[in-house]
Amino acid sequence: MDAKFIDCAVEHKVAGLVIETIRRGHANNLVASGVKRAVNAGIKVVITSASDDGDVKVAYDFSGGISQFEKDGAVNGGSYDSKKF
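Residues numbered from 1 in each chain as written. Predicted model: local features only at pLDDT ≥ 70, side-chain atom pairs only at ≥ 80, totals over all residues. Heavy atoms only, no water.

**Overview of the overall build of the protein chain**
Scanning the protein chain for helices and strands turns up three helices and three strands. In the protein chain, which comprises 85 residues, the share counted as buried stands at 38%. In the protein chain, the share of contacts with a sequence separation of at least 24, taken over all contacts with a separation of at least 6, comes to 74%. When the accessible surface of the protein chain is totalled, it reaches about 5,100 Å², and 52% of it is carbon and sulfur. (Helix = DSSP H or I, 4+ residues; strand = E, 2+ residues; numbered from the N terminus. Buried < 20%, exposed > 50% of the residue type's maximum accessible area, 1.4 Å probe, protein only. Contact = heavy atoms within 4.5 Å. Areas by Shrake-Rupley, 256 points an atom, 1.4 Å probe, with all protein chains shown as cover.)

Okay, structure coming up:
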């Protein structure tokens, strides 16, 4: 996945985004950059997981991990999946 849909949301000035990631809140660098652009544009971003079980939590510290998303201003969705938002 790239950040095409995130950038479209920024362009259209949406109020918020729920980003469904894999595992414990991991995404690639393109998505991570898009999330940062969205937060910087004033959009509320919540990071969730596509996994049926388990919370979004820090497992690794890298640009596409939840620790970096939180540093960039996104909200950790915890145990909520995208369908609950």
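Next comes the rest of the write-up.
**A few points about unusual backbone geometry**
If you check the backbone angles, K13 has positive phi at about 55 degrees while not being a glycine. Structurally, K13 is set in the loop between α1 (4-11) and β1 (16-21). Assessed through its relative accessible area of 72%, K13 is described here as exposed.

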